[in-house]
Amino acid sequence: MKKAVLSMALICCFGANAIAEDWGTISGRFVVVGAIPEPVLLHDKGAQVKDAATCAAVATYKDDLVIDADSKGLANVFIYLPKKPKSIHPDLEKPDPAVVVFDQKGCMFAPHAMVVLGGQTVEVISSDPIAHNTHTFPLKNPAMNVLVAPNTTQKDAVKVTYTKMESVPTKVACDFHPWMLAHWMIVDHPYAAVTDKDGKFTIPNLPVGEHEFRVWHERKGYLDRKFTVKVVKGDNELKPVEIKIEDLAEK
């Protein structure tokens, strides 16, 4: 009887090892090739716009194309798996952080581009002393069009949670101030990122193997529908991805 129990224990042990996954983390950069354009003025300080005391307190520039002048890194590029993989790293099964904050400052959204994980709570606040509305345009999840009162803190935040994977980033607008625009990439898995001000991104703990990502930027739409990455165990530093400045010309 003891031999049988020992045999079963060995089978279970070896079976668990046989199905154990290996994981790899990818990191990389998106950089712009070509002459970097100057920021485009939306409206100057003191301009006659709605709620000018707040919205035109300083000169305001368009934020649909943000390129670091020194590194030429392209911010706000989304890179994501279009489908949930069969295996998810145990540490990533629950959204982390559980809550993300979406703010309105100086009549601009902050952040301008954000990944929203399935089950994660978005808390919409406002640092402005005026009213805004947050209007989302998802394809698969319920749309939101709500008033955000002046000086709304996290205590009184408008809260929303999504569960369905969107195929492309969702536009977010303020109908009171039409220049305000942001994008959320809503995913049902943890394998998505958005580049920072230097064009850098990291996606941790992917299953090893070949993956096809999608790469999207609001100026162009898809920069690459099949960005193929072969992930090996451990850290994977990708070669910088070069984007021609003419491919980011305003539509």
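Residues numbered from 1 in each chain as written. Predicted model: local features only at pLDDT ≥ 70, side-chain atom pairs only at ≥ 80, totals over all residues. Heavy atoms only, no water.

A closer look at the overall build of the chain
In step 1: The secondary structure content of the chain amounts to two helices and 19 strands.
In step 2: Based on the C-alpha atoms only, the size of the chain along its principal axes is roughly 85 × 45 × 30 Å.
In step 3: Looking at the chain as a whole, 45% of its 251 residues are labelled buried.
In step 4: Partitioning the intrachain contacts of the chain with sequence separation of at least 6 by distance along the chain shows that 66% fall at a separation of at least 24.
In step 5: When the accessible surface of the chain is summed, it comes to about 13,600 Å², and 56% of that surface belongs to carbon and sulfur atoms.
In step 6: For the chain, the separation between the mean place of its 29 positive charges and that of its 31 negative charges on side chains is 7 Å. (Helix = DSSP H or I, 4+ residues; strand = E, 2+ residues; numbered from the N terminus. Buried < 20%, exposed > 50% of the residue type's maximum accessible area, 1.4 Å probe, protein only. Contact = heavy atoms within 4.5 Å. Areas by Shrake-Rupley, 256 points an atom, 1.4 Å probe, with all protein chains shown as cover. Lys, Arg positive; Asp, Glu negative; His and termini not counted. Charge placed at Lys NZ, Arg CZ, Asp CG, Glu CD.)

Describing the side chain of T195
In step 1: With respect to the element layout, T195 can be found in the loop between β14 (192-194) and β15 (200-207).
In step 2: For T195, the side chain forms a polar contact with the main-chain oxygen of L74, separated by 2.8 Å.
In step 3: Excluding residues that lie within four positions of it along the chain, T195 makes contacts with F30, L74, A75, N76, V77, K200 and F201. (Polar contact = N/O pair within 3.5 Å; in protein donor to acceptor, adjacent residues only side chain to side chain.)

Re the pattern of salt bridges
In step 1: Considering all chains together, one arrives at six salt bridges under this definition.
In step 2: As a salt-bridge pair, D22 and K233 come within 3.8 Å of each other at their nearest N and O atoms. Taken together, the residues D22 in the loop between α1 (2-19) and β1 (23-33) and K233 in the loop between β17 (221-231) and β18 (234-237) connect sequence positions 211 residues apart.
In step 3: Note on D22: relative accessible area 36%, which makes it partly exposed.
In step 4: In this structure K233 comes out as exposed when scored by relative accessible area, which is 60%.
In step 5: With its nearest N and O atoms 3.8 Å apart, the salt bridge here joins D64 to K62.
In step 6: Members of the salt-bridge network, linked through shared partners, are K62, D64, R219 and E250. (Salt bridge = Lys/Arg side-chain N within 4 Å of Asp/Glu carboxyl O.)

Remarks on the layout of surface pockets
One simple way to see leftover space: roll a probe sized like a water molecule over the atoms.
In step 1: The calculated volume of the largest pocket comes to roughly 360 Å³.
In step 2: Taken together, 14 residues make up the lining of the largest pocket; nearest its centre are E38, P39, L65, V66 and I67.
In step 3: Classifying every residue of the lining of the largest pocket by side-chain character gives nine nonpolar, no polar and five charged.
In step 4: Of all elements in the fold, only β7 (113-117), β14 and β15 reach the threshold of two or more residues within the lining of the second largest pocket.
In step 5: In terms of residue class, the lining of the second largest pocket is made up of ten nonpolar, two polar and three charged. (1 Å grid on protein atoms, 1.4 Å probe; cavity = no way out; pocket = protein on both sides within 12 Å on 5 of 7 lines; lining within 4 Å. Points joined across faces, edges and corners; volume = space filled by probe spheres on them. Nonpolar A, V, L, I, M, F, W, Y, C, P; charged D, E, K, R; others polar.)

A closer look at the sheet that holds strand β6 (residues 108-110)
In step 1: Here four strands make up an open sheet; going across it, the order is β6-β5-β8-β11 and the pairing mixed. On the outer flanks of this sheet lie β6 and β11 (158-161), each paired with one strand and no other. Along the sheet, successive strands turn relative to each other by an average axial angle of 20 degrees, direction set aside.
In step 2: With three bridges connecting them, strand β5 (residues 99-105) and β6 associate as antiparallel partners. (Pairing = 2+ DSSP bridges. Axes fitted to C-alpha atoms, helices over the stretch in contact; angles between N-to-C directions.)

Brief notes about the environment of P82
In step 1: Tracing the chain through its elements places P82 in the loop between β4 (78-80) and β5.
In step 2: For the pair P82 and F30, spaced 52 residues apart in sequence, the C-alpha separation works out to 19 Å.

Structural notes on the confidence of the model for the chain
Any segment with low pLDDT has predicted coordinates that should not be analysed in fine detail.
In step 1: Looking at the chain as a whole, its pLDDT mean stands at 92, while 92% of the residues score no less than 70.
In step 2: Residue range residues 1-19 is modelled with pLDDT below 50. Its contacts to residues more than four positions away, or to other chains, number zero contacts. (pLDDT = per-residue confidence, 0-100.)

Some points on the state of the cysteines
In step 1: Applying the stated criterion across every chain, the model contains one disulfide.
In step 2: Residue C55 pairs covalently with C107 via a disulfide, S to S 1.9 Å. Across the S-S bond linking C55 and C107, the dihedral sits near -65 degrees, which makes this disulfide left-handed. With C55 in helix α2 (residues 52-55) and C107 in the loop between β5 and β6, the pair connects residues that are 52 residues apart, well separated along the chain.
In step 3: Lacking any disulfide linkage, C174 is separated from the closest cysteine sulfur, that of C107, by 7.7 Å. (Disulfide = S-S within 2.5 Å.)

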